[in-house]
Amino acid sequence: MPSIALAPAAEKTPPWTRRPMGRPWPILAAVAALLALVVWLAYAWFHQAALRDSETRGNAAIERLASDLLVSVEKFEHLPYLVGAEQMLTRALQSPGDPERIAQANRYLLFAQKRTDVAAVYLMDTQGHTLAASNWDLPSSFVGRNYRFRPYFQDALNGGTGRFYAVGVTTGEPGFFIAAPILSASQVIGVVAVKIDLNAFEDKWRAEGLQLALSDDKGVLFLTTEPAWRYRSLFPLKGAVVSQLRETLQYGDPTPVTLIERAGSAPGPTVQAMKVGGVPYLVQGRPLGRFGWQLLLFSDPAAPRARGLLAAELIGMGLTLLLLLTALVWQYRRRMAERQASMRERARVVAELEQRIATRTAELTAANDAAVQTGKLALLGQMAAGISHEISQPLTALRTLADNAGKFLDRQDTANASSNLRLIGELCARMGSIVGELKAFARKEPARLQPVSLRHVIGSSLMLIEPMRHASGTRILHDDTDLQVMGDPIRLEQVLVNLLRNGIDAMESQRERRLDIGVRATADVHVCVSVQDHGPGLSPEVQQHLFEPFFTTKPGGKGLGLGLALSKAIVREMGGRIEAANTQPGARFDLILQPAPHTRDPHARPAD
Ligand code: ADP
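Residues numbered from 1 in each chain as written. Predicted model: local features only at pLDDT ≥ 70, side-chain atom pairs only at ≥ 80, totals over all residues. Heavy atoms only, no water.

K.L.:
Looking at this structure, I do not really get the overall build of the protein. What am I missing?
P.N.:
On a plain count of helices and strands, the protein comes out with 13 helices and 19 strands. A buried classification covers 39% of the 608 residues belonging to the protein. For the protein, restricting intrachain contacts to residue pairs at least 6 apart in sequence, the fraction spanning at least 24 positions comes to 63%. For the protein, the computed accessible surface area is about 33500 Å², with 59% contributed by carbon and sulfur atoms. (Helix = DSSP H or I, 4+ residues; strand = E, 2+ residues; numbered from the N terminus. Buried < 20%, exposed > 50% of the residue type's maximum accessible area, 1.4 Å probe, protein only. Contact = heavy atoms within 4.5 Å. Areas by Shrake-Rupley, 256 points an atom, 1.4 Å probe, with all protein chains shown as cover.)

K.L.:
Please explain the site of the ligand as it appears in this structure.
P.N.:
In the vicinity of the ligand, 18 residues are found, and the nearest of them are D533, T552, T553, K554 and G561. A distance of 2.8 Å separates a nitrogen atom of the ligand from a polar side-chain atom of D533. Between L564 and the ligand, the recorded distance is 3.0 Å, taken from a backbone N or O atom to an oxygen atom. In the complex, 93% of the free accessible area of the ligand, which totals 520 Å², lies under the protein chains. Breaking the shell around the ligand down by element, the ones donating at least two residues are α11 (489-506) and α13 (563-573). Looking at the shell around the ligand residue by residue, the classes come out as nine nonpolar, seven polar and two charged. (Near = heavy atom within 4 Å. Polar contact = N/O pair within 3.5 Å; in protein donor to acceptor, adjacent residues only side chain to side chain. Nonpolar A, V, L, I, M, F, W, Y, C, P; charged D, E, K, R; others polar.)

K.L.:
How should I be thinking about helix α10 (residues 454-472) in this particular structure?
P.N.:
Structural remark: α-helix, 3.6 residues per turn; residues separated by three or four positions point the same way. The terminal C-alpha atoms of α10, which comprises 19 residues, lie 25 Å apart, in line with the 27 Å expected from a rise of 1.5 Å per residue. Considering bend angle alone, the principal kink of α10 is centred on I465 and spans about 55°; proline P467 follows within four residues of it. The set of residues buried in α10 consists of L454, V457, I458, S460, S461, L462, I465 and S472. Considering only its buried residues, α10 is in contact with β12 (450-453), β13 (475-479), β14 (484-487), α11, β15 (514-521) and β16 (527-532). Directly beyond the C-terminal end of α10, a positive phi value near 70° is found at G473. (Expected span 1.5 Å × (residues − 1). Bend = angle between axes of the 7 residues up to and from the residue.)

K.L.:
Sorry if this is basic, but what is going on with the sheet that holds strand β5 (residues 187-196) here?
P.N.:
As a general point, the strands of a sheet are linked pairwise by backbone hydrogen bonds and lie either parallel or antiparallel. The strand order across the open sheet formed by five strands is β2-β1-β5-β4-β3, and the pairing between neighbours is antiparallel. Edge positions in the open sheet fall to β2 (130-133) and β3 (162-167), since each of these has one partner strand only. Put simply, the sheet's adjacent strands are angled 25° from each other on average, direction ignored. Two elements, strand β1 (residues 120-125) and β5, share six bridges in a ladder whose sense is antiparallel. Considered in β5, the bridge of A120 is made with K195. Docked against the sheet, helix α4 (residues 99-116) engages β1 and β2, running at close to 50° with respect to β2. (Pairing = 2+ DSSP bridges. Axes fitted to C-alpha atoms, helices over the stretch in contact; angles between N-to-C directions.)

Below is the structure:
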């Protein structure tokens, strides 16, 4: 059979089923890069959002605390003016050597301090010398001290309001100083100063859990929740400012240490990342009224960063999960599609194969039929000589017998006439049987092959041969079998009957007449049915012509010599062959046939 070449599948497959790129790494790398970019963008976006959020909240807090501070400070703005309006102080200024007037002024100032709950109230002459103070009777008394060097004194002496935050040179306590001039006939004759304690604000801010600082107009932090930052400047100070601070002793003796090494502008409402004293902070600030102060809020940059990171993590994880899920679904669909495609392909191949097999079978059958027919015609050609011989002889005999029968009737010899007529009948019958055999053989229809049960065929053949077996006194032993062969049951019987009859004929002159029918599966996957007799066997001469048409050794028209020639043709038509051999004793004829599909093993068991 020619090999069957199958065309490659031309069917369209869905896009996801097409074999993907040989190397998936570039795509994986691109996806990973994209994922990283999205995660980074998410981080940046959420970090910014958290920053803006903390900025807004920070500005609200600063706003509230700044106005709180301003209100607290400004409510004392007019206190030195009010206190200074008291004539008692004017009198003390006019007679500083009068102990009684000074004592009166002291008591008055103590009264004013107690009533307004400020840190101290005190009176200075135009030289900055303290004449009277609310703390006159304490060890930390201002009386006798000179504050000429303080800017607030100078501002008041010049007729304005002095404002100044400083560490007290006497007490060491920081405070906010507000000073006002005392006028007499439009002349400044002295200065009244009020010291306000702002330390309470630090506690208040701390209680809110905030990190805050108040810087002065020079950039020095004087009020702060962080003790380490106190009297330190946020940015480096100019030389002139440093010497000014030394002169005024604003924050005591030490030169302010810088918290941030680089010079920079004061923080505004937008958060700025800064390293304050080496620690990273987000800083925002707001200027505080006319004082030139600035309220600064410091917050931890880790919090917005953590929010950004958390969001990025969640988005990253979500996206990764989504990608994995997508990949899984994609792979699953691809597998399914591949499986379907391969199933369709297999079905297509099977259909194509079946189609080819059917076509090929039809071709082979046609070729076979033609070959068989040709074979038959060739055999008929071979037979022609024999036939003409076989028929012309009886015809001559018929003619003679008929002529003689006519003469016998003329002579009224009816006995001989009827004998001749009987012989004529016999000859006609013989010719009829020759013609019949040939007619059956020359039929155009091919043998219809089908699974044939050998048990059945053997049984029928034994039945057909039974009269002859009985008359000859032959014993026939045969195997029972389950085997089936491919064949035409009637023709197979014809062959088997022929072999049995030949066997019985061959044993005519034997004392023991016995035939053995055997069935076995052969090594080359065929089924062999053998008929063995106990006769004289086949002489070399007989063996040479055994299967030729009209070859017979049987006497007196007993055999036509067609049995084996036809048997051979019939068996070949069934895809089998017939073989003859001598055995001890007798001859054996083997029919080697095609097994039917799914035939079972024979159970060789001789039976009578
Ligand atoms: P026929 O039986 O009409 O003679 P066959 O073709 O069947 O024609 O047989 C041809 C010849 O083969 C027989 O005449 C016989 O000489 C020989 N032959 C067939 N079978 C046997 C056998 N079992 N033993 C010996 N000779 C046989």
